[in-house]
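Coordinates in review
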Amino acid sequence: METKKYASYAEIERDLEILKLEKEINYQKLVLNFQRTKESITPQYIVNGFFSSYKDYFSSSYPQILQSILPSVIGWFINKKRGS
């Protein structure tokens, strides 16, 4: 890295102010990322993520599940009513 040469104290102050603001921005980004990470490992978020991944699978296969299970359930109820 090349050493920067300043012509006045105003230039130094300006660069110091820029560095201070960049430091504050980076710190706030770090805090925000930490908060997001902390929120993402809560039990509720983990459970919601687990169910949302299977939600699409079950919603697309819901008619197939009903077609395969419904006859068995109806047969069980019929046999239960007859006392078998």
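Scroll up to find the structure.
A short tour of the structure in this document, coming up. Small disclaimer: the values here were computed from a predicted structure and weren't measured.

Conventions used here
Residues numbered from 1 in each chain as written. Predicted model: local features only at pLDDT ≥ 70, side-chain atom pairs only at ≥ 80, totals over all residues. Heavy atoms only, no water. Salt bridge = Lys/Arg side-chain N within 4 Å of Asp/Glu carboxyl O. Helix = DSSP H or I, 4+ residues; strand = E, 2+ residues; numbered from the N terminus. Buried < 20%, exposed > 50% of the residue type's maximum accessible area, 1.4 Å probe, protein only.

A few points about the pattern of salt bridges
Counted by the stated rule, this structure contains two salt bridges. Of the charged contacts in the structure, one is a salt bridge between Asp-15 and Lys-4, with a shortest N-O distance of 2.9 Å. With Asp-15 in helix α1 (residues 9-40) and Lys-4 in the segment before α1, this pair connects stretches of sequence that are 11 residues apart. For Lys-4, a relative accessible area of 48% corresponds to the partly exposed category. Put simply, Arg-14 and Asp-15 hold a salt bridge, and the shortest N to O gap is 3.5 Å. What you see here is one network of salt bridges that share partners, running through Lys-4, Arg-14 and Asp-15.

Spatial relationships are all this shows, so hold off on functional conclusions.
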